[in-house]
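If you want the building blocks of each chain, they are given just below.
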Amino acid sequence: MELYSDTYYVKCVLAGDTTCFACLLDRYSRQVHLLIFRLVRNREDAEELTQDVFMKVFRSLSAFKGESSFSTWIYRIAYHTAISEMRKKKHEFLAIDEALIENAPEEMTAEMFGANDDSEQITRLETALSRLAPDEQAILLFFYTEEKSIEEIAHITGLSQSNVKVRLHRIRKKLFVMLTHPTKEQENE
Amino acid sequence: MNKNEKETDWLKLLFSRLPEEDLNASFCNDTMKRILKEAARKKRRNEFMGLAAVSLASLAIMGIAAGAIFYAGIPRIEWRMPDLPSLPFYLYIGVLSLLLLGMDFLLRRAYRKRHPL
């Protein structure tokens, strides 16, 4: 079954063979769930949202015209579902001084940060990520964990390619600032 | 390797170390159940919409036909009673046959009651 392309399964489902959707579900559920989990940071919410994403995918399957890959199309739905859910919850995100971001000495930061032990690095990264706006977190996750290209990220987020590049650069700098200037809570830990 | 690539690799490595979260084992089954329910609901809705469309189209055709026949007079239909001089005789024979059949039925029932099998 794995040999068939996504488009083949989409055509099968649209022709009335709903069971073929199980193959698409099997292929993408883990990736979509992991992305949503990293954004919402709650197991139950992530599972519910992943299920909602696949329900949306099934309902709007006829709208998939193959202009992008099926995975990009699914990620687009997952991105918008997760972002709107996170906006509903109105988390507070850290505002950082623009000058601090602009003057962030990235190279030195990387070296300094690299000196910390593994689990501490991960904890600090997770904390820093949670303080970014949902769309910023999503762009970073698409680029670094899902290894999506700028073109694909642009398609998923609905931004232009140049906008994605600029935003990625800024978010990266913001992340560096947050990693090297830990919050008071982090310092107390 | 330039500065940007170095940073990207470093961040990529860090992101790759983020803990993974496993999906519930019953997730695919549960979702497929919802999908199949949704498919059945969609099918029922499509069938209902199809039936409603056919019914509406039929009613519209019947309405147009009734309007055309009774109001616009299209097509012109003339009803002529055929001339049947022997109609009273055939009616008499028909009524007589029905009466005889009825009497036969009643007499048989009375006979069966008196002589059960």
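Residues numbered from 1 in each chain as written. Chains lettered and ligands numbered in written order. Predicted model: local features only at pLDDT ≥ 70, side-chain atom pairs only at ≥ 80, totals over all residues. Heavy atoms only, no water.

Caption draft 1: Region of interest: the packing of aromatic side chains. One pass over the structure, following the stated rule, counts 14 aromatic pairs over all chains. Considering the side-chain rings of A:Tyr28 and A:Phe70, the 5.8 Å spacing of their centres and the 55° angle between planes classify their relative orientation as tilted. Highlighted residues: A:Tyr28 in helix α2 (residues 21–40) and A:Phe70 in helix α4 (residues 70–89), separated in sequence by 42 residues. Ring geometry for A:Tyr79 and A:Phe142: centres 6.1 Å apart, planes at 50°, overall tilted. Of this pair, A:Tyr79 sits in helix α4 while A:Phe142 sits in helix α8 (residues 134–144), and the two are 63 residues apart along the sequence. Among the aromatic residues, ring-to-ring pairing joins A:Tyr28, A:Phe64, A:Phe70 and A:Trp73 into one connected group. Across the ring face of A:Phe58, the terminal group of B:Lys42 is positioned such that the distance to the ring centre comes to 5.3 Å. (Phe/Tyr/Trp six-rings, centres within 6.5 Å; stacked < 30°, edge-to-face > 60°. Helix = DSSP H or I, 4+ residues; strand = E, 2+ residues; numbered from the N terminus. Lys NZ or Arg CZ within 6 Å of the ring centre and 35° of its normal.)

Caption draft 2: View of the packing of α8(A) against helix α9 (residues 150–157) of chain A. Residues and elements named next belong to chain A. Across the interface, α8 lies against α9 with an axial gap of 10 Å and an inter-helix angle of 145°. The two elements α8 and α9 cross, and the hand of that crossing is right-handed. Between α8 and α9, the residues in contact are Ile139, Phe142 and Phe143 and Ile150, Ile153, Ile156 and Thr157, respectively. Looking at the contact of α8 with α9 residue by residue, the classes come out as six nonpolar, one polar and no charged. (Axes fitted to C-alpha atoms, helices over the stretch in contact; angles between N-to-C directions. Left-handed = near helix turned anticlockwise from the far one by under 90°. Contact = heavy atoms within 4.5 Å. Nonpolar A, V, L, I, M, F, W, Y, C, P; charged D, E, K, R; others polar.)

Caption draft 3: Inspection of the interface of chain B and chain A at higher detail. Each partner contributes to the interface: chain B provides 28 residues, whereas chain A provides 42 residues. Taken together, the two surfaces of chain B and chain A that pack against each other cover about 3600 Å², and 67% of this comes from carbon and sulfur. By the criterion of area lost to chain A, the three top residues of chain B are B:Trp10, B:Phe15 and B:Glu21, representing 20% of everything that side buries. At the junction of chain B and chain A, the tally comes to five salt bridges. A:Arg43 serves as the salt-bridge partner of B:Glu21, at 2.5 Å between the closest nitrogen and oxygen. Inspection of the region where chain B meets chain A yields eight residue pairs in polar contact (both at pLDDT 80 or more). Mapped by element, the contributors of at least two residues to the side of chain B that touches chain A are α1 (3–16) and α2 (27–72) of chain B. Grouping the constituent residues of the side of chain B that touches chain A by class yields 13 nonpolar, three polar and 12 charged. (Buried area = accessible area lost by both parts, 1.4 Å probe. Salt bridge = Lys/Arg side-chain N within 4 Å of Asp/Glu carboxyl O. Polar contact = N/O pair within 3.5 Å; in protein donor to acceptor, adjacent residues only side chain to side chain.)

Caption draft 4: Quick look at the pattern of salt bridges. Evaluated as defined, the whole model comprises 11 salt bridges over all chains. Look at the salt bridges and you will find they share partners, linking A:Arg30, B:Glu20 and B:Asp22 into a network.

Caption draft 5: Here's a closer look at the nonpolar core. With 68 residues, the main nonpolar core has A:Phe21, A:Ile36, A:Val57, A:Phe70, A:Leu140, A:Leu175 and B:Phe15 as its most contacted residues. In terms of residue count, α2(A) provides more of this core than any other element does, 11 residues in total. In contact with A:Leu140, other than residues within four places in its own chain, are A:Leu129, A:Leu132, A:Thr145, A:Leu168, A:Ile171, A:Leu175 and B:Phe15. (Core = buried A, V, L, I, M, F, W, Y, C linked by side-chain atoms within 4.5 Å. Buried < 20%, exposed > 50% of the residue type's maximum accessible area, 1.4 Å probe, protein only.)

Caption draft 6: Up close: the environment of A:Thr145. In this fold, A:Thr145 is placed in the loop between α8 and α9. A relative accessible area of 22% means that A:Thr145 is categorised as partly exposed. Put simply, A:Thr145 and A:Leu35 are 110 residues apart on the chain and 8.6 Å apart in space, counted from C-alpha to C-alpha. Ignoring sequence-local partners within four residues, the contact set of A:Thr145 consists of A:Arg38, A:Leu140, B:Phe15 and B:Leu18. Among the polar contacts listed, one links the side chain of A:Thr145 to the backbone oxygen of A:Leu141, at a separation of 2.6 Å.

Caption draft 7: View of unusual backbone geometry. Residues and elements named next belong to chain A. Of note in the backbone geometry, Arg41 takes a positive phi value of approximately 60° without being a glycine. Position of Arg41 among the secondary structure elements: in the loop between α2 and α3 (43–59). Classification of Arg41 as partly exposed rests on a relative accessible area of 35%. A positive phi angle, close to 55°, is found at Glu147, a residue other than glycine. As for its placement among the helices and strands, Glu147 is situated in the loop between α8 and α9.

Read these as layout, nothing more, since geometry by itself doesn't imply function.
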